[in-house]
Amino acid sequence: MVAENLNQVCENIEKACKKVGRDPKEVTLIAVSKTKPVSMIQEAYDAGSRDFGENKVQEIMDKHPVLPPDIRWHMIGHLQRNKVKYIIDKTVLIHSVDSLRLAQEISAQAQKKQVTADILVEVNIAQEESKFGTSRDEAIQLVEDISKLPHIYIKGLMTIAPFVTNPEDNRVHFQQIRELSVDIAKKNIDNVTMSVLSMGMTGDYMVAIEEGSTMVRVGTGIFGERNKK
Ligand SMILES: *Cc1c(COP(=O)(O)O)cnc(C)c1O
């Protein structure tokens, strides 16, 4: 089932790219495997997936050692500062940086382990109270502040769009994120590129791709519904 779903999602990604004249190679599919067992991740791996997203530090720590070493783990969930040290050398990209204090801790731990940390700044584009992320207005200042820290590189922006039944409703948010990333790129800040736009989930990834997403985070669409607690 996982392999079939994966195929379907890849076809949809190609379709969305074709619609707007983009090269599907510009879009990375992150299989969001949170709450899902190692066996299902292995199925997706065998079907070709290499990028996986998790939102809990503990799950990355449990899954990382027992799965193939060429998996690229993405931290996509809210990250507490005291847990940075556990994942700093296990993840390729931390999508969810929304404060200078968190970035400072990532920088310090990266320095300690002698690695560099690639990160995205999470923007709460629809200003939903329930969501983490910096506001659109504060994003540029936060990027400038983080850019001065050692061992940390900002690669772009991430957003979690509102939960909607009609994905078209999120188009405006994806456009706003894209515009914000262009504005930031124009400033030519040291250690900052805006090459990644992490936006789009199961319900709206095709619209996100049409609006410039370079990383879509798809969970349910690949692994099925998550068990609710
Ligand atoms: C769970 C999660 C996803 C995947 O959500 P689906 O709707 O299942 O595709 C994407 N991004 C983040 C940050 C998540 O926590």
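Structure's up top.
All residue numbers refer to positions counted from 1 along the written sequence of the respective chain. At least 70 in pLDDT is required for a residue's local features to be given in this predicted model, at least 80 for side-chain atom pairs to be given and counted, and no such filter applies to totals for whole chains, interfaces and linings, which use all residues. Only hydrogens and water are removed before side-chain values are computed, so all heavy atoms of the structure are retained for them.

*Asks:* Hey, could you run me through the site of the ligand in this one?
*Replies:* Here a residue counts as near a molecule or strand whenever at least one of its heavy atoms sits within 4 Å of it. If you check the shell around the ligand, you find Val32, Lys34, Ile76, Ile160, Met201, Thr202, Arg217, Val218, Gly219, Thr220 and Arg226 and nothing else. Arg217 is positioned such that a nitrogen or oxygen atom in its side chain is 2.8 Å from a nitrogen atom of the ligand. Measuring from an oxygen atom of the ligand, one finds a side-chain N or O atom of Arg226 at 2.8 Å. For accessible areas, the Shrake-Rupley method is used with a probe of radius 1.4 Å. Any residue's cover is judged against the shown protein chains and nothing else. In isolation the ligand has 390 Å² of accessible area, and contact with the protein removes 89% of it. Residues of the shell around the ligand, tallied by class, amount to five nonpolar, three polar and three charged. We call two N or O atoms a polar contact when they sit within 3.5 Å, provided that within protein one can donate a hydrogen and the other can accept it, with sequence-adjacent residues counted only if both atoms are side-chain atoms. Under the convention adopted here, Pro, Cys and the residues Ala, Val, Leu, Ile, Met, Phe, Trp and Tyr are nonpolar, Asp, Glu, Lys and Arg are charged, and Gly plus all remaining residues are polar.

*Asks:* How should the nonpolar core be read in this particular structure?
*Replies:* A general tendency of soluble globular proteins is for nonpolar side chains to be buried together. The term nonpolar core refers to a set of buried residues drawn from Ala, Val, Leu, Ile, Met, Phe, Trp, Tyr and Cys, joined through side-chain atoms within 4.5 Å. Residue exposure (1.4 Å probe, protein chains only): buried if accessible area is under 20% of the type maximum, exposed if over 50%, otherwise partly exposed. Ranked by size, the top nonpolar core spans 38 residues in total, and within it Leu79, Ile106, Ile146 and Leu157 carry the most contacts. In this description, contact between two residues means that some pair of their heavy atoms is separated by no more than 4.5 Å. Once residues within four sequence positions are removed from consideration, Ile146 is found in contact with Val97, Ser99, Leu100, Ala103, Ile119, Val121, Ile152 and Ile154.

*Asks:* Can you walk me through the packing of helix 6 (residues 136–147) against helix 7 (residues 171–186) in this structure?
*Replies:* To characterise two packed helices, one gives the angle between the axes of the helices and the distance between these axes. Each axis is a line fitted through C-alpha atoms, and for a helix only the stretch in contact is used; angles between axes span 0 to 180 degrees, taken between their N-to-C directions. Segments assigned H or I by DSSP are reported as helices when at least four residues long, segments assigned E as strands when at least two residues long, and all are numbered from the N terminus. At a minimum axis distance of 11 Å, the contact between helix 6 and helix 7 shows a crossing angle of 30 degrees. The handedness of the crossing between helix 6 and helix 7 is right-handed. Contact with helix 6, carried on its side by Arg136, Ala139, Ile140 and Val143, involves Gln176, Leu180 and Ile184 of helix 7 and no other residues of that element. By residue class, the composition of the contact of helix 6 with helix 7 is five nonpolar, one polar and one charged. The handedness criterion is simple: a crossing whose near helix is rotated anticlockwise from the far helix by less than a right angle is left-handed, and one whose near helix is rotated clockwise is right-handed.

*Asks:* Explanation requested: the side chain of Ser96 in the structure shown.
*Replies:* By secondary structure assignment, the location of Ser96 is in strand 4 (residues 91–97). Given a relative accessible area of 0%, Ser96 falls into the buried group. At a separation of 2.6 Å, a polar atom in the side chain of Ser96 contacts the main-chain carbonyl oxygen of Gly77. When residues no more than four places from it in sequence are discounted, the contact partners of Ser96 are Met75, Ile76, Gly77, His78, Leu102, Leu120 and Glu122.

*Asks:* Whenever I open this one, the layout of surface pockets confuses me. Can you help?
*Replies:* In this approach, a probe sized like a water molecule rolls over the atoms, and the result shows the empty space that is left. Only protein atoms enter the calculation, which uses a 1 Å grid: trapped sets of points that fit a 1.4 Å probe without letting it out are cavities, open sets showing protein on both sides within 12 Å along at least five of seven lines are pockets, and any residue with an atom within 4 Å of a point is a lining residue. Grid points are joined across faces, edges and corners, and a volume is the space filled by probe spheres set on the points. Within this model, the largest pocket holds a volume of roughly 660 Å³. Around the largest pocket, the lining comprises 26 residues; the ones closest to its centre are Lys34, Ile160, Met201, Arg217 and Arg226. Of the residues in the lining of the largest pocket, the class split is 10 nonpolar, 10 polar and six charged.

*Asks:* I keep staring at helix 5 (residues 100–113) and nothing clicks. Help me out?
*Replies:* Every α-helix winds through 3.6 residues per turn, so residues three or four apart in the chain are directed the same way. An ideal rise of 1.5 Å per residue puts 20 Å on 14 residues; helix 5 measures up with 20 Å between its terminal C-alpha atoms. Among the residues of helix 5, those classed as buried are Leu102, Ala103, Ile106, Ser107, Gln109 and Ala110. Packing partners of the buried residues in helix 5 comprise helix 4 (84–87), strand 4, strand 5 (117–122), helix 6 and strand 6 (152–158). Residue count minus one, scaled by 1.5 Å, sets the expected span of a helix.

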